[in-house]
Amino acid sequence: MEVKRKREDFTLAAASAAAISLVLGDCDLLGEIFLRLGFPTDLVLAAAVCKRWLWTASDPAFLRRFRDIHPPRLLGFYISTFSTNLRFGADFVPMLPQPPEVAALVRRGRFSLDSYASLSTRVMDCRNGRVVVNLFRDGDSTYGVHSPLHPSRGLVTFPRFPTMADDKFSVFREVLSKECGNGLAYFWFELDYCDNKEIATARVYKLQDDAWSLQVSATTKVSNLLTSMLNADTVFLVDDKIYMGITMHNILVLDLTSSTFSTIKYPIENLNSMNKLVIDGEIMLSRANGSGLCLVHLNKFQLRVWLLTGCDGRMGDWLLVNTICLRDLCANLKISNSTTEDDHDRDVYIHEVGDNAEFLFFQMHGYVLYFDVRSSSLQKVYRKTEKKAHVASIHPYLMTWPPIFPALKE
């Protein structure tokens, strides 16, 4: 009897193992199971099991599906502020609450920039786990890359930037970045503008072998260039194009491959009392999937999200994909303009828009608010103080995407 029972148990175990092997050996079924995982770190752990799991988890088509369901999680954000003495300070604000595994990840990192002991600190860029900071110390300005989840790397400084000719005056100079393999490629972008001739000249340098190499130099005629809008929030790089939301009626585009300029019309334009085209409210651009472009328009409490669907730069190439009224959400948070005596704070300012316009940070009545577009949820994440009276910029810090998988050994 005992032998018979053991034989039956063995048969059941073998059948069960065969069924499990059948399921886990089917790449299509395995992909469906992996889609139920919550975080990219779970995919990396799964990929370490065997080659078949690695192939399934790292398949580009699967990763696109996974990202659509599980966008990279926002761990927190860097907020750069400046006071009346014009000194910048940068703080990391974690997003709360977080799942236990994500909270543990944040605790292990070194997000603070205080250890660099600078008189003035400002975050200039933040992508794929790397933070570009500008430090002013010892009478000199230093740019470098800080990696919060790899604190042993310290600050990796950039070489000195190219010097301008004596007869040149740059209205904008900034570090830009884009994904390149498992890392980032860095570019130094300069824009000159001659107001009386309405001529703009751009120069783009790429960091190669610890030196800046000139990649592009191009000139174009631009009317109504809004130099006051030139900052790291209105100029960004997508693949081989630099988008600049800095003119009255168009987005200025510099193609790094052809070294040529083009323009894209804004999707929202109105006529004012002088029959001039104007745009009411706040506008900010963001990257979109497939080398695309999103535009967020916030006018008082009305939020609209547009997606650029064509490549000819016409107004008809824009698709309105979302319209949301924030009035009730703001009322639920009991946000009142009585929280500040600064009349300027009665307006709404967009500070940052996430990729695919999935979220945005904006300022209203002394508060910085975070709005998740997908879930239509709004929360207060920061309040201004007298010491940190002005918010200069906000840079979200998200989990690295795509995940870095283990390398196969022959």
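Residues numbered from 1 in each chain as written. Predicted model: local features only at pLDDT ≥ 70, side-chain atom pairs only at ≥ 80, totals over all residues. Heavy atoms only, no water.

## Focus on the overall build of the protein
- Helix and strand counts for the protein stand at 7 helices and 25 strands.
- Looking at the 410 residues of the protein, the share that counts as buried comes to 45%.
- Across the protein, every contact between residues at least 6 apart in sequence was considered, and the portion connecting residues at least 24 apart equals 48%.
- As displayed, the protein has an accessible area near 21900 Å², and 52% of this comes from carbon and sulfur atoms. (Helix = DSSP H or I, 4+ residues; strand = E, 2+ residues; numbered from the N terminus. Buried < 20%, exposed > 50% of the residue type's maximum accessible area, 1.4 Å probe, protein only. Contact = heavy atoms within 4.5 Å. Areas by Shrake-Rupley, 256 points an atom, 1.4 Å probe, with all protein chains shown as cover.)

## What to know about the packing of aromatic side chains
- In total, this model carries 22 aromatic pairs according to the counting rule given.
- Three or more aromatic residues link up through ring pairs in this structure, and these residues are Tyr143, Phe158, Phe161, Tyr186, Trp188 and Trp212.
- Its end group placed over the ring of tyrosine 367, lysine 380 keeps NZ or CZ at 4.5 Å from the ring centre. (Phe/Tyr/Trp six-rings, centres within 6.5 Å; stacked < 30°, edge-to-face > 60°. Lys NZ or Arg CZ within 6 Å of the ring centre and 35° of its normal.)

## With respect to the side chain of histidine 395
- Mapped onto the fold, histidine 395 is located in strand 25 (residues 390-398).
- Residue histidine 395 is classed as buried on the basis of its relative accessible area, which comes to 6%.
- A distance of 3.2 Å separates the side chain of histidine 395 from the backbone oxygen of methionine 124, its partner in a polar contact.
- In this structure histidine 395 touches Phe77, Tyr78, Val123, Met124, Asp125 and Cys126, once residues within four positions along its chain are discounted. (Polar contact = N/O pair within 3.5 Å; in protein donor to acceptor, adjacent residues only side chain to side chain.)

## Concerning the pattern of salt bridges
- Within this structure, the stated rule accounts for 12 salt bridges.
- In this structure, the salt-bridge partner of arginine 65 is glutamate 32, at a minimum N-O distance of 3.0 Å. Here arginine 65 is found in helix 5 (residues 60-69), whereas its partner glutamate 32 is found in helix 2 (residues 27-34), with 33 residues between them in sequence.
- Since its relative accessible area comes to 40%, arginine 65 is described here as partly exposed.
- With its nearest N and O atoms 2.8 Å apart, the salt bridge here joins aspartate 140 to arginine 160. Here the residue aspartate 140 occupies a position in strand 5 (residues 140-146), and arginine 160 occupies one in the loop between strand 6 (155-157) and strand 7 (170-180), the gap between them amounting to 20 residues. (Salt bridge = Lys/Arg side-chain N within 4 Å of Asp/Glu carboxyl O.)

## Side note on the confidence of the model for the protein
- When pLDDT is averaged across the protein, the result is 83; 80% of the residues are at 70 or more.
- Note that pLDDT drops below 50 for residues 270-278; the model gives that stretch 11 contacts with residues more than four away or on any other chain.
- Long-range and interchain partners of residues 338-346, a stretch whose pLDDT sits below 50, account for 14 contacts in this model, where long-range means more than four residues apart. (pLDDT = per-residue confidence, 0-100.)

## Remarks on the sheet that holds strand 20 (residues 318-325)
- Reading across the sheet, the 4 strands line up as 17-18-19-20 and stay open at both edges, with antiparallel pairing between neighbours. The sheet terminates laterally at strand 17 (282-288) and strand 20, the two strands that pair on one side only. On average, each strand axis in the sheet is inclined to that of its neighbour by 20°, with strand direction left out of account. (Pairing = 2+ DSSP bridges. Axes fitted to C-alpha atoms, helices over the stretch in contact; angles between N-to-C directions.)

## What about the environment of aspartate 59?
- Turning to its location among the elements, aspartate 59 is positioned in the loop between helix 4 (51-58) and helix 5.
- We classify aspartate 59 as partly exposed; its relative accessible area is 34%.
- Taking the C-alpha atoms as reference points, aspartate 59 and glycine 31, separated by 28 residues in sequence, lie 9.4 Å from one another.

## With respect to the packing of helix 3 (residues 40-47) against helix 4
- Relative orientation of the contacting elements helix 3 and helix 4 amounts to 150°, with a least axis distance of 8 Å. Judged by the inter-axis angle, helix 3 sits roughly antiparallel to helix 4. Listed contacts from helix 4 to Leu43, Ala46 and Ala47 of helix 3 are Trp53, Leu54 and Ala57.
- Residues of the contact of helix 3 with helix 4, tallied by class, amount to 6 nonpolar, no polar and no charged. (Parallel < 35°, antiparallel > 145°, perpendicular 65-115°, else oblique. Nonpolar A, V, L, I, M, F, W, Y, C, P; charged D, E, K, R; others polar.)

## What about helix 5?
- Restricting attention to buried positions, one finds in helix 5 the residues Phe62, Leu63, Phe66 and Arg67. One side of helix 5 holds all its buried residues, which, seen down the axis, span an arc of 135°. (Arc of directions from axis to C-beta.)

## Some words on the pairing of strand 11 (residues 235-238)
- Burial along strand 11 is two-sided: Val235 and Leu237 facing one way and Phe236 and Val238 facing the other are all buried.
- By the bridge criterion, 4 bridges tie strand 11 to strand 12 (residues 241-244) in an arrangement that is antiparallel. For valine 235, the partnering residue across the bridge sits in strand 12 and is methionine 244.
- The antiparallel hairpin formed by strand 11 and strand 12 contains 2 residues in its connecting segment, where aspartate 239 sits at a positive phi of about 55°.

## Some remarks on the sheet that holds strand 24 (residues 377-383)
- As summarised here, the arrangement of the 4 strands in space is 21-22-23-24, forming an open sheet in which the pairing is antiparallel. Whereas interior strands pair on both sides, the edge strands pair on one side only; in this sheet they are strand 21 (348-353) and strand 24. Each strand of the sheet is rotated relative to its neighbour by a mean of 25°, with strand direction disregarded.

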